[in-house]
Amino acid sequence: MASLSTLFSAAAQANTVQYKGVLQASWQSNSEYAAWYNRGVSVNRFGTESERLNLSRAAIDLRTELGSTWSLLASAQYVPDPDSKLGFTELFAQYHTLNKGPRQWQARFGGFYPRMSLENPDIGWSSPYNYSYSAINAWLGEEIRTFGTEVSFKHSDNRLSRRQRTGHNWELVGALYKGNDPAGTLLAWRGWAVHDRQSVFNEAIAFAPINALNAPPLAKQAWRTEPFTEVDGRFGYYLGAHWDYQKRHTLRLYWYDNNGDPSVLNYHTGQYAWDTKFYSAAYRFKITRSTHLVMQAMAGNTAMGKRRGVDNDFSSQFILLTHKWQDYRVSGRVEQFDVKDRDFWDFDPNTSEGGAVTLTGRWQLSEHWHVGMEFQYLESKVANRADFNLPTRQIEQLWRASAELRF
């Protein structure tokens, strides 16, 4: 950590800082239920308590070059719900080797997203396609972050002479980290959600006070998750592979394992170490310069408690088609998701399932101003909604108009 501190000190003295940011205001219809972060059961972002017109998001990306091999990168974000929060979503140092050949080593140190997503390449890890992220990437934005070291080895075909080029580019990725032990809490006790709210460092996320948490085996669990905390002292890891062909086909494959010990509980914070592991496969096909297809699938398992009292399989998939014409972009996404309860605790039903269709139109008025409209149809069925005498099956339809100032 001493070397990282040295880098941050150097950054403070650096003369050049590159930045890009966005301020987004939205008007939207609201769900008839309270949102999950207000201890409700709605699985879109805007519940009964949400203001119809709001500053829904502000984000800024910063980059500072420190010589020829080191950079510092940061993403900070403000969100108003459930209470105003300003914090970092990413903050890390990046190193790359200096060589003219096609092979290169890179490394990242700090807190950052694993590069699993092809849906979220925009400012502050947002999507240029739909305002609401898919359930997969909404969950990554809520509960998954790397606090450690990632090392990659890449082959860049465009660094070869024209005669030697094959069109293939690839990268192998591996990471070792701590501080992501409670990941899986929301999938178990809320289910998947479809929204654009990212968690900042050190954030605690509330969820509905389900009856199962009053039972003796779960009485020590808090009615919130602190997804980026360390509980059991173990290291987690992930492995990935990226492949690109002729800048038209892009594939990213990942295996993620936080290596949690599900029997360990922090009695002070009420957080268990969940044993969460999953694979993610993302693919993008540039059909034409203007029309792109993006797909992603995820499947895994998460468990907590002695003898894995909570034990759930989870999966989700989406297909997104987007077309850009001059200053206009139209995008549509269809997705499905589920959580399957595999454990023996009948008092704690974790089964959930659902799907969503999202249609978005965006218009770039100028270099700095963007506007757009979005409609989302979201259907979900969550077993523990019966605890609140509510129907387990719920349909939410969201209309949203947004304006963005980019700088």
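Please refer to the structure placed before this passage.
Residues numbered from 1 in each chain as written. Predicted model: local features only at pLDDT ≥ 70, side-chain atom pairs only at ≥ 80, totals over all residues. Heavy atoms only, no water.

### Topic: the nonpolar core
Part 1 of the argument: Core analysis: the largest hydrophobic core is formed by 37 residues, its most contacted members being Trp-139, Leu-140, Trp-192, Tyr-238, Phe-278, Met-298 and Phe-314.
Part 2 of the argument: Of all the secondary-structure elements, those providing two or more residues to this core are α2 (135-143), β7 (168-178), β11 (249-257), β14 (275-286), β15 (291-304), β16 (310-325) and β17 (328-341).
Part 3 of the argument: In contact with Trp-139, other than residues within four places in its own chain, are Ile-144, Gly-184, Leu-187, Trp-192, Thr-276, Phe-278, Met-298 and Phe-314.
Part 4 of the argument: Judged by nonpolar contacts, the second largest core, of 18 residues, contains Trp-36, Ala-188, Leu-265 and Trp-345. (Core = buried A, V, L, I, M, F, W, Y, C linked by side-chain atoms within 4.5 Å. Buried < 20%, exposed > 50% of the residue type's maximum accessible area, 1.4 Å probe, protein only. Helix = DSSP H or I, 4+ residues; strand = E, 2+ residues; numbered from the N terminus. Contact = heavy atoms within 4.5 Å.)

### So, a nonpolar patch on the surface
Part 1 of the argument: Taken together, the side chains of Val-17, Tyr-19, Leu-23, Leu-55, Leu-62 and Phe-407 present a nonpolar region at the surface, about 520 Å² in accessible area.
Part 2 of the argument: Of all the secondary-structure elements, those providing two or more residues to the nonpolar patch are β1 (18-28) and β2 (53-66).
Part 3 of the argument: Looking at where Leu-62 falls in the secondary structure, it is placed in strand β2.
Part 4 of the argument: You can call Leu-62 partly exposed: its relative accessible area is 34%. (Patch = residues over 30% accessible without salt bridge, like charges linked within 9 Å, V, L, I, M, F, W, Y side chains within 5 Å. Areas by Shrake-Rupley, 256 points an atom, 1.4 Å probe, with all protein chains shown as cover. Salt bridge = Lys/Arg side-chain N within 4 Å of Asp/Glu carboxyl O.)

### Focus: the layout of surface pockets
Part 1 of the argument: Of the voids in this model, the largest pocket is the one considered here, and its volume is about 1,500 Å³.
Part 2 of the argument: In terms of lining residues, the largest pocket is bounded by 49 residues, among which Gln-94, Arg-115, Pro-121, Lys-154 and Arg-252 are the most central.
Part 3 of the argument: Split into classes, the residues belonging to the lining of the largest pocket amount to 16 nonpolar, 16 polar and 17 charged.
Part 4 of the argument: Roughly 330 Å³ of internal volume is contained in the second largest pocket. (1 Å grid on protein atoms, 1.4 Å probe; cavity = no way out; pocket = protein on both sides within 12 Å on 5 of 7 lines; lining within 4 Å. Points joined across faces, edges and corners; volume = space filled by probe spheres on them. Nonpolar A, V, L, I, M, F, W, Y, C, P; charged D, E, K, R; others polar.)

### A look at the pairing of strand β19 (residues 369-382)
Part 1 of the argument: With 13 bridges connecting them, strand β18 (residues 352-364) and β19 associate as antiparallel partners. Its bridge partner being in β19, Ala-356 is matched across the sheet by Leu-378.
Part 2 of the argument: Here β18 folds back onto β19 in antiparallel fashion, the turn holding four residues.
Part 3 of the argument: Sheet topology note: the β19/strand β20 (residues 393-406) ladder contains 13 bridges and is antiparallel. In the sheet register, Lys-381 faces β20, and the bridge partner there is Arg-393. (Pairing = 2+ DSSP bridges.)

### A word on the environment of Pro-349
Part 1 of the argument: Assignment of secondary structure puts Pro-349 in the loop between β17 and β18.
Part 2 of the argument: On the accessibility criterion, Pro-349 (29% relative accessible area) is partly exposed.
Part 3 of the argument: It is 9.7 Å that separates the C-alpha atoms of Pro-349 and Arg-385, two residues lying 36 residues apart in sequence.
Part 4 of the argument: Those residues in contact with Pro-349, other than ones at most four positions away along the chain, are Asp-341, Ala-383 and Asn-384.

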